[in-house]
Amino acid sequence: MNYFNYFTEIEDAFVRRRGKHLLLSPMDWALIESWKEMGVPLHVALNGIEHAFDSFESKPRRRSVHSLLYCQEEVEAQYAEWRDGQLGGGGDADNGGSRPETAETDSTLPFPRAEILNHLERAEDALRVIPLVSYTSSEDDFLQAVARAATRLIEVKKNFSDAVRPDAEKLEQSLTSLDNMLDDALRTAAPPELLARTTAAAEEQLEPYRKRMEPAVFEKTLDNLVLKRLRDAQGVPRLSLFYL
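A brief report on the enclosed structure follows. (Residues numbered from 1 in each chain as written. Predicted model: local features only at pLDDT ≥ 70, side-chain atom pairs only at ≥ 80, totals over all residues. Heavy atoms only, no water.)

**Some thoughts on the overall build of the protein**
Short version of the rule: Strands are runs of DSSP state E lasting at least two residues, helices are runs of H or I lasting at least four, and both sets are numbered from the N terminus onward. The buried label applies to any residue whose accessible area, calculated with a 1.4 Å probe on protein chains only, is under 20% of its type's maximum; exposed applies above 50%, and partly exposed to all values in between. Residues are treated as being in contact if the distance between any of their heavy atoms lies within 4.5 Å. In these tables, accessible area is a Shrake-Rupley quantity obtained with a 1.4 Å probe, and a residue counts as shielded only by the protein chains included in the view.
On a plain count of helices and strands, the protein comes out with nine helices and zero strands. Listed by position from the N terminus, the elements making up the protein come as α-α-α-α-α-α-α-α-α. For the protein, buried positions account for 44% of its 244 residues. For the protein, restricting intrachain contacts to residue pairs at least 6 apart in sequence, the fraction spanning at least 24 positions comes to 81%. For the protein, the computed accessible surface area is about 12,700 Å², with 50% contributed by carbon and sulfur atoms.

**A closer look at the packing of aromatic side chains**
To be explicit about the condition: Each Phe, Tyr or Trp ring (for Trp, its six-membered ring) is paired with any other whose centre lies within 6.5 Å, and the angle between the two planes then decides the class: stacked below 30 degrees, edge-to-face above 60, tilted in between.
Counted under the stated rule, the structure contains eight aromatic pairs. When the ring of Phe7 is compared with that of Tyr243, the centres are 5.3 Å apart and the planes differ by 40°; the resulting orientation is tilted. Of the two residues, Phe7 is situated in helix H1 (residues 6–18) and Tyr243 in the segment after helix H9 (215–234); the sequence distance between them amounts to 236 residues. Here Tyr79 and Trp82 contribute two aromatic rings whose centre-to-centre distance is 6.2 Å and whose plane-to-plane angle is 20°, an arrangement assigned as stacked.

**Focus: the environment of Gln205**
Put simply, the rule is: Pairing of N or O atoms within 3.5 Å defines a polar contact, subject to two protein rules: one partner must be a possible hydrogen donor and the other a possible acceptor, and residues neighboring in sequence count only if both atoms are side-chain atoms.
Looking at where Gln205 falls in the secondary structure, it is placed in helix H8 (residues 192–206). Owing to a relative accessible area of 25%, Gln205 belongs among the partly exposed residues under this scheme. Taking the C-alpha atoms as reference points, Gln205 and Leu225, separated by 20 residues in sequence, lie 9.5 Å from one another. When sequence neighbours within four positions are dropped, the list of residues in contact with Gln205 reads Met27, Leu225 and Arg229. A distance of 2.8 Å separates a polar atom in the side chain of Gln205 from a polar atom in the side chain of Arg229.

**Some thoughts on the pattern of salt bridges**
What counts is decided by this rule: For this analysis, a salt bridge means a side-chain nitrogen from Lys or Arg found within 4 Å of a carboxyl oxygen belonging to Asp or Glu.
For the structure on display, the rule yields 17 salt bridges. Arg17 serves as the salt-bridge partner of Glu57, at 3.0 Å between the closest nitrogen and oxygen. With Glu57 in helix H3 (residues 42–57) and Arg17 in helix H1, this pair connects stretches of sequence that are 40 residues apart. Across the pair Lys228 and Asp232 runs a salt bridge whose closest N-O atoms are separated by 2.9 Å. In this pair, Lys228 and Asp232 both sit in helix H9, four residues apart, roughly one turn of the helix. The partly exposed category is assigned to Lys228, whose relative accessible area is 29%. Among the charged side chains, a salt-bridge network with shared partners connects Arg16, Arg17, Glu50, Asp54 and Glu57.

**Let's talk about the environment of Glu9**
Residue placement: Glu9 occurs in helix H1. Between the C-alpha atoms of Glu9 and Leu46, which are 37 residues apart in sequence, the distance is 8.0 Å.

Structure below.
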């Protein structure tokens, strides 16, 4: 499966098994991002979702599944088994071999080159018009980080556009680096009271699921959810191709 379909493949699998169209919540997306950061391969996550629903459907219940968090325990159990198998067999424990290993031609890019360039263009435009509404501390540092990201994005976009054999993985690494820089700037520039309020709201949203989540997964999901709220408040776009 295509490495860059991680989010959409998981969403499609959940919606299909759910039986009714149900958009994933910000909390669900934060959980998916935590799985990606942990290195859970796509096929392992999909198998975990299938097994979770198989188990649910084997026993008639009045309630239906409303959140991807229902599948969290099974996904992580399968990931632990897969990782143990990889350590024993010497396999690649990164992304199950789904990540491209060589420079890609246009015909094998995860998305059409024009579509990727449009995504980068929209991200660049969004960075240039970020409103400073909520932040009142470390404003200069935040603006400088946004300006650096916009300048670097122009270079990344030009290199990708001009490449005879564009490398999607190399592009993704550059975009992820810029995303991380913007996340750090958001954390630093956020006034303490805003950061505390945002974290408290995210913790309240996740609290019903805390006991079912491993502490490390809970913390990753919480951090992702806080960052999503901060990004949305400031209009900071996601650069990664996962959000194309």
